[in-house]
Amino acid sequence: MNAKEITAKYLKFYESKQHATISSVSLIPENDPTVLFTTAGMHPLVPFLLGQPHPRGKKLANVQKCLRTDDIDEVGDGCHHTFFFMLGNWSLGDYFKKEAIEMSWEFLTSPKWLGMPKEKIAVTCFGGDKDAPKDEESAKVWVSLGVPKECIFFNGKKDNWWGPAGQTGPCGPDTEMFYYTGRQDCACDQHGCGPGCHCGKWVEIWNDVFMEYNKTKDGKFEKLKQQNVDTGMGLERVAAVMQNAPSDYETELFKPLTDWLKKNVKRQDVKSMRIIADHLRAAVFVLADDKGVAPSNVEHGYILRRLIRRAIRHAHGLGVEGRFCKKLAEIVVKIYGDEWLELKRNQAFVYSELEKEEQRFAETLERGLHEFEKIFAQANGKLSGEHAFLLYQSYGFPLEMTVELAKEKKGSVDEKAFAAALEKHQELSRESCKQKFSSGLADYSEKTVALHTATHLLQAALRQVVGTHVQQKGSNITPERLRFDFTHGEKMTAEQIKKVEELANKWIAEGIAVNRKEESLAEAQKEGALAFFAAKYDEKVSVYTIGSASKEVCTGPHVDNTSRLGKFKILKEEAVSAGVRRIKAVLEH
Ligand code: SER
């Protein structure tokens with residue numbers, strides 16, 4: 001059974017149980033500021049898990065694109081990935097443990113659906129602690145379905161509790177289903193191998209989470225208004241099980257990639273080839289996302305950069321000749337493009353960003369590796385923060401890559417000292433930025449950041465109401481107010497002021513997402529972004545887009561959504577000099 005058939009069966013099964021099928025959302029979450037990427041199907045559903053009614057009802061199912069980097073070191077075994085597809089079903093305050101577990105079991109074992117042999121499945125449940133009791137209820141349901149007691153294991157929070165680690169939000173105990181693949185030869189059986197062992201014999205295929213708690217900022221677990229179910233099944237793993245494949249990489253989801261690699265490497269190293277296939281598949285899906293993330297040194301762009309550069313480093317190690325990222329990206333688009341239309345829609349961007357990143361990194365990789373070897377020898381395998389920073393700054397080595405290289409040679413990196421070196425550098429460049437732009441931000445307080453975004457809305461509204469001759473001449477922001485100087489020859493009328501306020505407040509009321517992307521000034525200007533200061537044409541700049549209202553080159557930072565701004569009000573409009581006017585405005589809460 002291939003992945004497409006598994007997905008179709010899954011959605012059909014849950015449809016037959018009155019679940020509405022919802023679509024996968026972007027890999028960049030909109031509703032959950034606690035994560036950079038959508039790491040599970042529950043992220044876009046957080047408001048609904050907290051009690052807001054969902055327009056499609058209380059029972060939902062879908063297949064969601066996910067990206068996680070916490071398992072990145074395990075990628076290379078047969079069943080861990082950074083990017084993966086999660087099949088999920090949700091009860092938003094509807095059914096709970098009994099029904100969720102019964103449906104999981106039916107789908108997995110009924111010959112009408114997946115028909116997995118029951119004796120190959122074991123389960124784990126939450127063992128209880130100070131925050132929540134032992135989950136006897138789930139265990140009882142498993143027993144009632146015929147799962148032998150010796151195949152039910154209890155664990156603590158680390159293994160059987162779901163909720164993004166250390167973060168706030170909906171969470172709860174879970175029960176996980178493991179399939180015995182017996183895949184690899186290992187001695188684990190002799191010292192208690194079982195579900196959760198990383199030997200590869202037991203593979204976790206599905207997780208039913210019972211979200212009835214909300215973790216608060218001060219680390220407390222409060223009962224939610226409603227009892228929810230959040231389940232996640234890994235499509236790649238289930239496909240491997242259903243095809244009796246030796247690993248996820250031998251299923252049709254990866255095989256064309258690993259086949260290409262096998263033909264084009266000089267040294268066959270299974271782990272490295274899997275890393276390359278995994279990371280480039282992930283990079284293609286991130287680049288193809290309509291949010292338009294490109295490689296950079298911050299946030300989403302940095303994770304993307306790490307993935308691409310790690311893949312390139314491994315390919316270099318295997319002796320792949322010439323540029324290869326685009327070739328593998330084309331294979332990814334071929335495998336997934338018919339189902340995930342964004343891959344085709346955005347393929348030109350995907351290829352060009354990959355080519356640019358590969359070009360940038362290829363120029364320094366060889367020299368950087370050489371430098372690494374030199375430093376490693378000099379430092380007796382103990383790299384300082386300054387060493388790692390040098391490799392980062394001069395050769396484009398993400399910290400994690402230097403750490404990995406050092407570990408491979410049984411050395412280490414002072415990661416804390418790297419962070420300090422980076423911070424020192426950022427402070428220096430922030431200082432120089434402040435000098436470069438008269439509108440440099442003096443502080444990053446919430447109020448200041450909100451006023452900064454309001455300034456973009458003000459400029460956009462002025463250009464609509466007063467005319468496109470309006471250009472920023474200066475800006476000064478304190479936590480209390482914004483001050484904006486712009487080109488315009490005469491006093492604004494009371495009506496114009498009112499219209500500008502109304503327009504800005506309309507955009508605020510619409511709750512428009514503020515998106516940031518990095519590109520060259522040339523690219524930004526081609527897309528119509530406003531840029532009123534001196535920067536080199538080929539220099540990378542940040543472009544902030546607020547829906548169709550505003551697009552400006554700016555150093556930021558900004559709020560993530562206009563809904564955070566409060567009410568925009570102009571206090572004063574006056575002349576500064578010939579042809580330049582000044583507005584003072586505030587945000588009222
Ligand atoms: N949120 C859970 C997980 O990611 C179930 O979907 O495993």
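Everything below is about the structure shown above.
Since the structure is predicted, the reported quantities are computational estimates derived from the model, not experimental observations.

Caption draft 1: Summary view of the packing of aromatic side chains. Tallied over the entire structure, the rule returns 28 aromatic pairs. Where Trp161 meets Phe221, the ring centres are 5.4 Å apart and the plane angle is 80°; that geometry is what we call edge-to-face. Remark: Phe221 occurs in strand E9 (residues 221-234) and Trp161 occurs in strand E6 (residues 161-162); sequence separation between them is 60 residues. We note Lys157 situated over the ring of Phe221; from NZ or CZ to the ring centre the distance is 4.6 Å.

Caption draft 2: View of the environment of Leu422. With respect to the element layout, Leu422 can be found in helix H15 (residues 415-436). In this structure the C-alpha to C-alpha distance between Leu422 and Lys526, which are 104 residues apart in sequence, comes to 32 Å. Among all residues touching Leu422, those that are not within four sequence positions of it are Phe389 and Tyr392.

Caption draft 3: Focus on the nonpolar core. Core analysis: the largest hydrophobic core is formed by 118 residues, its most contacted members being Ile205 and Phe324. In terms of residue count, the dominant contributor to this core is helix H8 (residues 270-288) (twelve residues). The contact partners of Ile205, leaving out residues within four places of it in the chain, are Leu108, Met116, Met177, Phe178, Tyr179, Gly232, Met233, Gly234, Arg237, Val238 and Val241. Grouped together as the second largest cluster of nonpolar side chains are 35 residues, Val449, Leu458, Val466 and Ile477 included.

Caption draft 4: Geometry of the site of the ligand. Around the ligand, a shell composed of Ala40, Met42, Arg68, Met86, Trp162, Asn207, Val209, Asp230, Thr231 and Gly232 is seen. In this structure, Asn207 approaches the ligand through a side-chain N or O atom, which is 3.0 Å from an oxygen atom. In this structure, an oxygen atom belonging to the ligand sits 3.1 Å away from a main-chain N or O atom of Gly232. Here the ligand, which alone exposes 230 Å², has 96% of that area covered by the protein. Elements that contribute at least two residues to the shell around the ligand include exactly strand E8 (202-215) and E9. The element best represented in the shell around the ligand is E9, accounting for three residues.

Caption draft 5: Fine view of the sheet that holds strand E13 (residues 482-487). Pairing is antiparallel in the open sheet, where four strands are placed in the order E12-E13-E18-E17. Where the open sheet ends on each side, the last strands, each with one partner, are strand E12 (472-477) and strand E17 (567-577). For this sheet, the mean angle separating the axes of adjacent strands, direction not counted, is 20°. Against the sheet, helix H17 (residues 494-509) contacts E17 and strand E18 (580-588), and its axis sits at roughly 140° relative to E17.

Caption draft 6: Structural detail: the side chain of His558. Tracing the sequence through the fold places His558 in the loop between strand E16 (550-553) and E17. Judged by relative accessible area, which is 13%, His558 ranks as buried. Side-chain polar atoms of His558 contact the side chain of Thr453, separated by 2.8 Å. Only 3.3 Å separates the side chain of His558 from the side chain of His456, close enough to count as a polar contact. Apart from the residues lying within four places of it in its own chain, the contact partners of His558 are Val449, His452, Thr453, His456, Val514 and Tyr544.

Caption draft 7: Expanded view of H17. Counted at 1.5 Å a residue, the expected span for H17 with its 16 residues is 22 Å, and the 22 Å between its end C-alpha atoms agrees. Buried residues belonging to H17 abut helix H16 (446-465), E17 and E18. At the C-terminal side of H17, Gly511 shows a positive phi close to 60°.

Caption draft 8: Up close: the pattern of salt bridges. A full pass over the atoms with the stated rule returns 43 salt bridges. With a closest N to O distance of 3.4 Å, Asp131 and Lys130 form a salt bridge. Classification of Asp131 by relative accessible area gives partly exposed; the value is 22%. On the accessibility criterion, Lys130 (79% relative accessible area) is exposed. Note that Lys157 is salt-bridged to Asp131, the shortest N-O span being 2.4 Å. Placement of Lys157 in helix H5 (residues 157-160) and of Asp131 in the loop between strand E4 (121-126) and helix H4 (136-144) is noted, with a sequence separation of 26 residues between them. With a relative accessible area of 25%, Lys157 lands in the partly exposed category. Overlapping salt bridges bring together Asp129, Lys130, Asp131 and Lys157 as one network.

Caption draft 9: Broad picture of the sheet that holds strand E14 (residues 514-520). An order of E14-E15-E16 is seen for the three strands of this open sheet, with the pairing classed as antiparallel. Edge positions in the open sheet fall to E14 and E16, since each of these has one partner strand only. Taking each pair of neighbouring strands and ignoring which way they run, the sheet shows an average axis angle of 25°. In this sheet, strand E15 (residues 540-546) lies alongside E14 in antiparallel orientation, the contact comprising seven bridges. Paired with Asn515 across the bridge in E15 is Thr545.

Caption draft 10: How the structure looks around the packing of H16 against H17. Orientation of H16 relative to H17, taken along the N-to-C sense of each, is 130°, at an axis distance of 9 Å. Here H16 is positioned oblique relative to H17, judged by the angle of their axes. Of the two possible hands of crossing, H16 and H17 adopt the one that is right-handed. The residues of H17 that touch H16, namely those facing Leu457, Leu458, Ala460, Ala461, Leu462, Gln464 and Val465, are Gln496, Lys499, Val500, Leu503, Ala504, Trp507 and Ile508.

Caption draft 11: Main features of the environment of Ala578. With respect to the helices and strands, Ala578 occurs in the loop between E17 and E18. Through-space distance from the C-alpha of Ala578 to that of Leu399 is 51 Å; in sequence the pair is 179 residues apart.

Caption draft 12: Layout of the pairing of E16. Relative to E16, E15 is paired through four bridges, and the arrangement is antiparallel. Within E16, the position partnered with Thr545 by the bridge is Lys551. Turn length for the E15-E16 hairpin, with the two strands adjacent in sequence and antiparallel, is three residues, and the turn residue Gly547 shows positive phi of about 50°.

Caption draft 13: Local environment of the environment of Leu287. The topology assignment puts Leu287 in helix H8. For the pair formed by Leu287 and Leu354, sequence separation is 67 residues and the distance between their alpha carbons is 8.6 Å. The contact partners of Leu287, leaving out residues within four places of it in the chain, are Val293, Ala294, Pro295, Leu304, Phe349, Val350, Glu353 and Leu354.

Each value, and the rule that gives it
- Residues numbered from 1 in each chain as written.
- Predicted model: local features only at pLDDT ≥ 70, side-chain atom pairs only at ≥ 80, totals over all residues.
- Heavy atoms only, no water.
- Phe/Tyr/Trp six-rings, centres within 6.5 Å; stacked < 30°, edge-to-face > 60°.
- Helix = DSSP H or I, 4+ residues; strand = E, 2+ residues; numbered from the N terminus.
- Lys NZ or Arg CZ within 6 Å of the ring centre and 35° of its normal.
- Contact = heavy atoms within 4.5 Å.
- Core = buried A, V, L, I, M, F, W, Y, C linked by side-chain atoms within 4.5 Å.
- Buried < 20%, exposed > 50% of the residue type's maximum accessible area, 1.4 Å probe, protein only.
- Near = heavy atom within 4 Å.
- Polar contact = N/O pair within 3.5 Å; in protein donor to acceptor, adjacent residues only side chain to side chain.
- Areas by Shrake-Rupley, 256 points an atom, 1.4 Å probe, with all protein chains shown as cover.
- Pairing = 2+ DSSP bridges.
- Axes fitted to C-alpha atoms, helices over the stretch in contact; angles between N-to-C directions.
- Expected span 1.5 Å × (residues − 1).
- Salt bridge = Lys/Arg side-chain N within 4 Å of Asp/Glu carboxyl O.
- Parallel < 35°, antiparallel > 145°, perpendicular 65-115°, else oblique.
- Left-handed = near helix turned anticlockwise from the far one by under 90°.

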